[in-house]
Amino acid sequence: MIGRIDSKVPSGPLDSKWENHKFESKLINPSNKRKYSVLVVGSGLAGASAAASLAELGYQVKCFCYQDSPRRAHSIAAQGGINGAKNYQGDGDSVHRLFYDTVKGGDFRAREANVHRLAEVSVDIIDQCVALGVPFAREYGGLLANRSFGGTQVSRTFYARGQTGQQLLLGAYSSLNRMIGAGSVQMFPRTEMLELVIVDGHAKGIVVRDMVTGAISSHSADAVVLATGGYGNVYYLSTNAKGCNVTAPWRAYKKGALFANPCFTQIHPTCIPVSGSYQSKLTLMSESLRNDGRCWAPKKKSDTRKPGDIPEDERDYYLERMYPAFGNLAPRDIASRAAKMQCDDGRGVGPGGFGVYLDFRDAILRYGRGTIGGANLSETEAHARGTEKVKALYGNLFDMYHQITAESGYEQPMRVYPAVHYTMGGLWVDYNLMSNVPGLFVLGEANFSDHGANRLGASALMQGLADGYFILPATIGNYLATVAPDKRPKADHAEFRAAEEAVNARTQKFLSIKGKKTVDEFHRELGLLMWDLCGMARTEKSLTRALSRIPTLREEFWTNVNVPGSSDSLNVSLEKAGRVADFLEFGELMCLDALERRESCGGHFREEFQYTEKDPEVQSGKVCAGDVKRDDENFCHVACWEYGGTTLKPLRHTEPLIYEVVHPAVRSYR
Amino acid sequence: MNLKLKVWRQKDRNSEGRLVDITANSIPPEASFLEMLDIVNDELTRKGDEPIAFDHDCREGICGTCSLSINGIPHGPSETTTCQLYMRKFSDGDTIYIEPFRAKAFPVIRDLCVDRMAFERIQQAGGFITARAGSAQDGNAILVPKQNADLAMEAAACIGCGACVGACPNGSAMLFVGAKVTHLAELPQGQPERQRRVLSMVAQMDKEGFGNCSNYYECEAVCPAEIPATVIAKLNREYAVAGAKDTVGVE
Amino acid sequence: MNSCCTFLRSSIGKKLLVAITGVILIAFVIGHLLGNLQFFAGPHVINEYGTKLRHLPFGGLWVVRIGMIAAVLLHIFTTLMLVKENRAAKGAGYQFKASVQAKVATRLMALSGIILLSYIVFHLLHFTTHTINSDYAHWMDGEDHDVYRMIVAGFSNKAVAIFYIVAMVLLAMHLSHGAASLFQTLGLRTKKMACRLGLCAQIFAWVICAGYVSIPVAVLTGFYDKKHIGNAETPSCCEAPATKGAK
């Protein structure tokens, strides 16, 4: 049983907490640092930057990833950009504004001190990335360019075409490579963590499987860092990479780490709609497209006309109508829900009516007419010129859309629909990014800390790099200083042996079932169930239903799955089986968390808790009917779940969220 | 649509591989190439056979994991990567050869998966700028002319998939190495290590057993990130200058 | 840290050697063509030119000859090393062979090179050392060696002329790839040049080819100074041994 949850947020005024904390943090002298060994699991923005930075400081680092190279981590797919409170545009930005936007964007469910630190550090991240050679977009004068993103009214997003995540990851990856080359980091690609090892209450190592040879091995260390990303693939279809999984955090959870706010998932409003049951993943169209694209749905129900044939006055630019102040740049949760509302109302477009339009017609004409001598151009000429400009800005996204749908976004509006994208929940961590298990640190999307109930665009990259480059290197010393160097258990310690045996037993179990259904079939089934019952809208009824159906599915999995092949070679089915088995357990916790959080906030929308026409906030025009309705009195806290063993229900603890500076208010984007 | 596949199956690094005939039935034209393989794999698994192992991850053309050659061409007729290739590009009844990327430096580890660690070691040899976390000056203190930033970005867009090597009749990695060298040489931040970088990366590239460029330009034709072969010209120039300077001892 | 040898032994170093020797060979091909084209200016011009070449100061002709042999050997030797490495680097290759944009000329570089080499050997035995027909050495035009007559006699043999023409077509192919490639290898090819470079190299290669081929064609079609040849066919040939032969 876990006692009081202590976030270890330092005292003092908000804007000096981090500085003071760094000063008060324990230091380890350089000659001792090399005696400490740290394991970093995951090599995305958070993992790669942490592994590199820790190695730069002098720690011995081992880094693990399931991909064939650290550069493949899914951070690479982030398109739009990274926020930094540089105020290079002189448009009124500041650390405080980024902090405020993020707290408000997260619907007042994030820890204030963490978010403020994130905003402070955002400035250093940009500098660090520039120094590493990240080719951010530049203006003609050679200065850094910015663009705007959802949920904010300033331009603070730095970008590298539509491939910002790729460039930032390659920057962190290059640092990691430098340290691998220098022998300070040992890299283990195609290696999957299957168990966390705890010795005397402290995280002291992991058990991994070499995915090529199937060899199971143990690695012992003084601290373990999980930077393993989010769990969006519990829905099977998501914008995550196929390999993204919850296994590492889930193994940690089952060893006593708290899982925080698992029900907080982000549904991204502009993804390419599902086209069939064979579909294996969903593709995101960057939020940056909403800078210029306008979202609309036909006003008439079941309107089957071609988009071009629908006259202007029969189009409903619903975001501009509902949220005039932010318009198409409304935050993701709000834009997603608005799109769903149009479709639920029978006004969706495309196959099955699961889609709305994202239209560039007006932007193309505006750009075309905005060129020199463009003011008097005919519509066709302006369209041609504007297309060029839009190509330069978003070309790769339009190409991607074209490849997938065989339709041109320049000639007709793109069809988009919300899809699972990011998970705000994750392992619980304190201000030092350490979980309740001493020595276990969690970074990036894998932790819960900074985004509350909804993440703003261009903030995930910021958080991953903040955690890895700046925060963990400063805070890990606080823990390591409490453990003697060179005293870590050997990798043949009884706990390691036991963990290895557990892994082997599990593997043999998978291989011996020899059932009738493939792993993917179970995954698809779970995904569909989660999407229908615990997706964009949740009700007590749907969640209760999910909670009764998941265990049945899980039972069927363990008796009827077919995992061919052997354990001593590259075995794709075996890898997937392990991950899906964990999703089948995790999904239940997610539904339980969603059920227990009897309010709506950010991405967590409980239909029972929404604003209606009767509410004064709607009448005064602050929010729309259908917007989420928080319950600050009862739920202004982090829900932290403790594993209850195989038989007991998980225990729900809470960490109250105390707002010293920002006061939770109705979240208005009107 | 129904297709006849000829798929390379190989148990592991040390085994012999061969092409195996597999049929793919009722494939929707909207499915991606990898989804077609998913469907085939589901069938195989249901029959108790082992599914075809192929590398893939993001399935949106950016991670660079997918690594197979379709009818002798890396990423096949796709404009970008295999994962962004849709079955509508094929016709009912087609025979499709699916092989792993072929090059000595990319040993096959199973079926269609190859080991691209050689790329990693080249990067580790010098594909970076030394800048410790926390040591950087203000981002805007370094002015980068837009044209250089654009050129750097164009080269930096490389996704490291290795199609260039797979397509090159010589198994050369010069497009890959040229892209990284160009990216960093175009930026002011990359100048201090410019000479050292190109010398070490080329030395490692040679050590890994990649071939030499003889200007077929197959690499640029298959490159999903549209890296132009002019980065190889840039690599050659950088290397010639650095090598000459290094030989005579000029910094 | 590196010695000159490590530099030249590297992949790019070897490519540079091929390119630099290629530049030398291209310069030779141009110079040689300009010399040959004097055929059309009449027997005396080209014969005098031949004598001038032989009497270049400081043994210039031998300097050039040795230089050319060195360049050819280095060009071939380095290429062979590259080819060997490339074969090893590719391994077994694909079961289904395909290519996207590799040009025929590029793929046939080794073949065109080998045939060209055999042609060069024949050409030297034929026109320089006169091993094939030792009579050539004795043909004189006044004080000068009668190069003109040698050319006409040589190309009047249809087999020789056809071998020559085929070799020149292969030379064009070799050059069309080589001339463009050297810009790439020497690091001079830019994106702006890229598309035009290929075309320019094609034009250059085929102009060179046309220039060379024009001579056997002229001979075969009877477009030459028949008077000179007619005169030469008089017993003057028999006097030849008394005069200085070709060096």
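What counts and how
- Residues numbered from 1 in each chain as written.
- Chains lettered and ligands numbered in written order.
- Predicted model: local features only at pLDDT ≥ 70, side-chain atom pairs only at ≥ 80, totals over all residues.
- Heavy atoms only, no water.
- Helix = DSSP H or I, 4+ residues; strand = E, 2+ residues; numbered from the N terminus.
- Contact = heavy atoms within 4.5 Å.
- Areas by Shrake-Rupley, 256 points an atom, 1.4 Å probe, with all protein chains shown as cover.
- Lys, Arg positive; Asp, Glu negative; His and termini not counted.
- Charge placed at Lys NZ, Arg CZ, Asp CG, Glu CD.
- Buried < 20%, exposed > 50% of the residue type's maximum accessible area, 1.4 Å probe, protein only.
- Patch = residues over 30% accessible without salt bridge, like charges linked within 9 Å, V, L, I, M, F, W, Y side chains within 5 Å.
- Salt bridge = Lys/Arg side-chain N within 4 Å of Asp/Glu carboxyl O.
- Buried area = accessible area lost by both parts, 1.4 Å probe.
- Polar contact = N/O pair within 3.5 Å; in protein donor to acceptor, adjacent residues only side chain to side chain.
- Pairing = 2+ DSSP bridges.
- Axes fitted to C-alpha atoms, helices over the stretch in contact; angles between N-to-C directions.
- 1 Å grid on protein atoms, 1.4 Å probe; cavity = no way out; pocket = protein on both sides within 12 Å on 5 of 7 lines; lining within 4 Å.
- Points joined across faces, edges and corners; volume = space filled by probe spheres on them.
- Nonpolar A, V, L, I, M, F, W, Y, C, P; charged D, E, K, R; others polar.
- Phe/Tyr/Trp six-rings, centres within 6.5 Å; stacked < 30°, edge-to-face > 60°.
- Lys NZ or Arg CZ within 6 Å of the ring centre and 35° of its normal.
- Core = buried A, V, L, I, M, F, W, Y, C linked by side-chain atoms within 4.5 Å.
- Domains from an automatic or database assignment.
- Disulfide = S-S within 2.5 Å.

How should the overall build of chain C be read in this particular structure?
Counting its regular elements, chain C contains 11 helices and 2 strands. Its C-alpha atoms give chain C principal-axis dimensions of about 65 × 40 × 35 Å. In chain C, the share of contacts with a sequence separation of at least 24, taken over all contacts with a separation of at least 6, comes to 79%. As presented, chain C carries roughly 13,200 Å² of accessible surface, and 72% of it is formed by carbon and sulfur atoms. Chain C carries 22 positive and 10 negative side-chain charges, and their two centres are separated by 26 Å.

Help me out: how do you make sense of the overall build of chain B in this one?
Counting secondary structure elements, chain B contains 8 helices and 7 strands. Projected onto the principal axes, the alpha-carbon positions of chain B cover approximately 65 × 40 × 35 Å. For chain B, with 251 residues in total, the buried portion stands at 67%. A sequence separation of at least 24 residues applies to 70% of the contacts in chain B between residues at least 6 apart. Surface summary for chain B: the accessible area is close to 8,200 Å², and the carbon and sulfur share equals 48%. Of the side chains in chain B, 26 bear a positive and 33 a negative charge, and the two mean positions are spaced by 4 Å.

Help me understand a nonpolar patch on the surface, please; the structure alone is not making it clear to me.
A cluster of nonpolar side chains, namely Ile30(C), Leu34(C), Leu37(C), Phe40(C) and Phe223(C), defines an oily patch on the protein surface of about 470 Å² accessible area. On the secondary structure map, Leu34(C) appears in helix 2 (residues 11-36).

Where do I start with the pattern of salt bridges in this structure?
In a structure, side chains of opposite charge can pair up when their charged atoms sit close to one another. Under the criterion given, the structure shown has 75 salt bridges over all chains. Note that Asp582(A) is salt-bridged to Arg251(A), the shortest N-O span being 2.5 Å. Of this pair, Asp582(A) sits in helix 16 (residues 572-596) while Arg251(A) sits in helix 7 (residues 247-254), and the two are 331 residues apart along the sequence. Lys14(C) serves as the salt-bridge partner of Glu85(C), at 2.3 Å between the closest nitrogen and oxygen. In this pair, Glu85(C) sits in helix 4 (residues 60-90) while Lys14(C) sits in helix 2, placing the two residues 71 residues apart along the sequence. Since its relative accessible area comes to 31%, Glu85(C) is described here as partly exposed.

For this particular structure, what's the right way to read the interface of chain B and chain A?
Often, the extent of an interface is quoted as the loss of accessible area upon association of its parts. Tallying the contact residues gives 73 residues for chain B and 76 residues for chain A. In total, chain B and chain A occlude about 6,100 Å² of area from one another, counting both sides; carbon and sulfur atoms represent 53% of this. In this structure, the salt-bridge partner of Arg524(A) is Asp42(B), at a minimum N-O distance of 3.6 Å. At the boundary of chain B and chain A, one finds 38 residue pairs in polar contact (both at pLDDT 80 or more). Going through the elements one at a time, helix 1 (33-46), strand 6 (108-110), strand 7 (113-114), helix 2 (117-126), helix 3 (146-156) and helix 5 (174-185) of chain B are the ones with two or more residues in the side of chain B that touches chain A. Considering every element that reaches the side of chain B that touches chain A, the biggest residue donor is helix 3 of chain B, with 7 residues.

When you look at the interface of chain C and chain B in this model, what are you seeing that I'm missing?
Contacts between the two partners involve 38 residues from chain C, matched on the other side by 55 residues from chain B. Note on chain C versus chain B: buried area summed over both sides is about 3,700 Å², and carbon and sulfur give 54% of it. The largest share of the area that chain C buries against chain B comes from Ile12(C), Lys90(C) and Tyr94(C), three residues that together contribute 18% of it. Taken together, chain C and chain B are joined by 1 salt bridge. Between chain C and chain B we count 26 residue pairs in polar contact (both at pLDDT 80 or more) in total. The element that contributes the greatest number of residues to the side of chain C that touches chain B is helix 4 of chain C, accounting for 6 residues.

I would appreciate a short explanation of the sheet that holds strand 8 (residues 216-220) of chain A in the present structure.
By way of backbone hydrogen bonds, the strands of a sheet pair with one another, either parallel or antiparallel. All names here are of chain A. Sheet architecture is open: 3 strands sit in the order 6-7-8, paired in antiparallel fashion. With partners counted over all chains shown, the strands left at the sheet margins are strand 6 (191-199) and strand 8, one partner each. Adjacent strand axes in the sheet meet at a mean angle of 25 degrees when their direction is disregarded. Two elements, strand 6 and strand 7 (residues 202-210), share 8 bridges in a ladder whose sense is antiparallel. Bridge pairing in strand 7 links Met 193 to Val 208.

I tried to follow the layout of surface pockets on my own but got confused; where do I start?
Empty space among the atoms can be located by rolling a probe the size of a water molecule over them. Volume-wise, the second largest pocket comes out at about 1,400 Å³. Lining the second largest pocket are 50 residues, and of these Arg161(A), Gly162(A), Gln163(A), Ala392(A) and Asn396(A) sit closest to its centre. Where the lining of the second largest pocket is concerned, the elements lending two or more residues are helix 11 (379-405) of chain A together with helix 3 of chain B. The leading source of residues in the lining of the second largest pocket is helix 11 of chain A, at 10 residues. Its residues assigned to classes, the lining of the second largest pocket shows 23 nonpolar, 13 polar and 14 charged.

I would appreciate a short explanation of the packing of aromatic side chains in the present structure.
Aromatic rings considered in pairs are described by the distance between their centres and by the relative angle of their planes. The tally for this structure, following the rule as stated, stands at 45 aromatic pairs over all chains. With a centroid separation of 6.2 Å and 85 degrees between ring planes, the pair formed by Tyr235(A) and Trp531(A) is classed as edge-to-face. In this pair, Tyr235(A) is assigned in the loop between strand 9 (223-226) and helix 7 and Trp531(A) in helix 14 (residues 519-534), connecting sequence segments 296 residues apart. Judged by relative accessible area, Tyr235(A) falls into the buried class, the value being 3%. Measuring from centroid to centroid gives 5.7 Å for Tyr119(C) and Tyr164(C), while their planes differ by 70 degrees, and the two rings are edge-to-face. Taken together, the positions of Tyr119(C) in helix 6 (residues 109-128) and Tyr164(C) in helix 8 (residues 158-185) put the pair 45 residues apart, joining distant regions of the chain. On the basis of relative accessible area, Tyr119(C) is assigned to the buried category, the value being 4%. Three or more aromatic residues joined by ring pairs form one cluster here, namely Tyr119(C), Phe122(C), Phe127(C), Tyr136(C), Trp139(C), Phe155(C), Phe163(C) and Tyr164(C). When the ring centre of Tyr317(A) is taken as origin, the NZ or CZ atom of Arg294(A), which lies over that ring, is 3.7 Å away. Directly above the ring of Phe522(A) sits Lys517(A), whose terminal nitrogen or CZ lies 4.6 Å from the centroid.

Sorry if this is basic, but what is going on with the nonpolar core here?
A general tendency of soluble globular proteins is for nonpolar side chains to be buried together. Ranked by size, the top nonpolar core spans 252 residues in total, and within it Ile82(A), Phe136(A), Leu226(A), Phe360(A), Leu480(A), Met530(A) and Phe210(B) carry the most contacts. The next biggest cluster of nonpolar side chains, apart from the first, holds 40 residues, and it includes Ile46(C), Leu197(C), Ala201(C) and Ile229(C).

Is there a simple way to think about the domain arrangement of chain B in this case?
Residues and elements named next belong to chain B. Splitting chain B by domain gives domain 1 (3-110) and domain 2 (116-248). Computed from C-alpha atoms alone, the centre-to-centre distance between domain 1 and domain 2 is 29 Å. With 19 residues of domain 1 at the contact, the number on the domain 2 side is 17 residues. Together domain 1 and domain 2 conceal approximately 1,200 Å² of surface at their shared face, both sides included; 67% is due to carbon and sulfur atoms. On inspection of domain 1 and its partner domain 2, the count reaches 1 salt bridge. Asp 55 is the partner of Arg 116 in a salt bridge, and the nearest nitrogen-oxygen pair spans 3.9 Å. Summed over the shared surface of domain 1 and domain 2, the number is 2 residue pairs in polar contact (both at pLDDT 80 or more). Class assignment of the residues belonging to the side of domain 1 that touches domain 2 gives a composition of 9 nonpolar, 7 polar and 3 charged.

Help me understand the side chain of Arg190(A), please; the structure alone is not making it clear to me.
Among the structural elements, Arg190(A) can be located in the loop between strand 5 (185-188) and strand 6. Excluding residues that lie within four positions of it along the chain, Arg190(A) makes contacts with Cys65(A), Tyr66(A), Gln67(A), Asp68(A), Arg209(A), Asp210(A), Met211(A), Val212(A), Asp55(B), Ile109(B), Cys113(B) and Val114(B).

Help me understand the state of the cysteines, please; the structure alone is not making it clear to me.
A covalent bond bridging the sulfur atoms of two cysteines is what the word disulfide describes. Counted under the stated rule, the structure contains 0 disulfides over all chains. Summary of cysteine pairing: Cys65(A) is not part of a disulfide, and the nearest cysteine sulfur, belonging to Cys63(A), is at 6.4 Å. Cys168(B) takes part in no disulfide bond, and the closest cysteine sulfur, belonging to Cys219(B), lies 6.6 Å away.

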